[in-house]
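Observations on the model geometry
One-letter residues, chain by chain:
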Amino acid sequence: MARLGAVSLLVRDYDAAIAFYVGKLGFALSEDTDMGGGKRWVRVTPRGGDTSLILAKAANDEQRARVGDQAGGRVWLFLETDDLMRDHAEWSAAGVVFRETPRHETYGKVVVFEDLYGNAWDLIEPAHTGD
C-alpha cells in the first residue's frame, strides 16, 4: 500500500509560513527540526488530515522566483473540510484572502483562497453521496 505522506511547498520564511498555516488556518505543527545551517524540516498538517505540507525555505534565486507560483497561477492544492462556511468565516476574520465567494458545484461547496504567498487553494466541502 502507498499513500501520499507530504507535499513540499516553497516558502520565503519558516516562521511566517508557520504563523499562516498554524495561526490562521489551524493546521498542526507536526514537526520543526533544526537541520543546521539555517535549514529546518518543518511539517504542518491540516486538522484531521494525514498528508502534511513540508515548508521548504527557498534556497536560491530560482527557487525564490517560484515562491507563490509553483503551479503557474492555477489552483493546485485542495483542502477538504466538513464545514466550508465555518472555515470561510473564521479564516476571513483571520485575514485570509479569498478570490471569490463560496459557490456550489456538483461535487460540493468550494471557494478559492490564497496562502500567504499567493498560491491558489480550493477549500472544498464535498457533497454527501449516499450517506
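See the structure printed just above.
One structure accompanies this document, and this report is about it. (Residues numbered from 1 in each chain as written. Predicted model: local features only at pLDDT ≥ 70, side-chain atom pairs only at ≥ 80, totals over all residues. Heavy atoms only, no water.)

**What about the sheet that holds strand β4 (residues 52-57)?**
The condition that has to hold: In this analysis, strands are considered paired if DSSP registers two or more bridges between them. Going along the chain from the N terminus, every DSSP run of H or I of four or more residues is numbered as a helix, and every run of E of two or more is numbered as a strand. Axis lines are fitted to C-alpha atoms, over the contacting stretch for helices. Their N-to-C directions set the angle, which ranges from 0 to 180 degrees.
Spatial strand order, β1-β4-β3-β2: 4 strands in an open sheet with mixed pairing. Looking along the sheet, the strands with just one partner apiece sit at the ends: β1 (6-11) and β2 (28-36). Across the sheet, the mean angle from the axis of one strand to that of its neighbour is 25 degrees, orientation sign disregarded. Across 6 bridges, the pairing between β1 and β4 is parallel. From the neighbouring strand, S8 faces β4, where its bridge partner is I54.

**Remarks on the side chain of D122**
Threshold: Burial classes follow relative accessibility: with a 1.4 Å probe on protein chains only, a residue under 20% of its type's maximum area counts as buried, one over 50% as exposed, and anything between as partly exposed. Positive charges come from Lys and Arg, negative ones from Asp and Glu, while His and the chain ends are left out of the count. Between Lys or Arg on one side and Asp or Glu on the other, a salt bridge is scored when a side-chain nitrogen of the former is within 4 Å of a carboxyl oxygen of the latter. Contacts between residues were defined by any pair of non-hydrogen atoms, one from each residue, lying within 4.5 Å.
Position of D122 among the secondary structure elements: in strand β9 (residues 120-126). No salt bridge is formed by the buried D122, whose closest oppositely charged neighbour, R103, lies at an N-O distance of 5.3 Å. Ignoring any residue separated from it by four or fewer positions in sequence, one finds D122 in contact with V75, L77, F78, L79, V110, V111, V112 and F113.

**Some words on the pairing of strand β8 (residues 108-114)**
Across the 7 residues that make up β8, a large majority, 5, are buried. Pairing between strand β6 (residues 97-98) and β8: 2 bridges, direction antiparallel. Across the sheet, residue V97 finds its bridge partner in β8, namely E114. For strand β7 (residues 103-105) and β8, the ladder comprises 3 bridges, and the chain directions are antiparallel. By the bridge assignment for β8, H104 is matched with K109. Where β7 folds back on β8, the antiparallel hairpin that results is connected by 2 residues. Bridge analysis of β8 against β9 gives 7 bridges, and the strand direction is antiparallel. Bridge pairing in β9 places V112 opposite D122. Hairpin geometry of β8 and β9 is characterised by an intervening segment of 5 residues between the two adjacent antiparallel strands and by a positive phi of about 100 degrees at G118.

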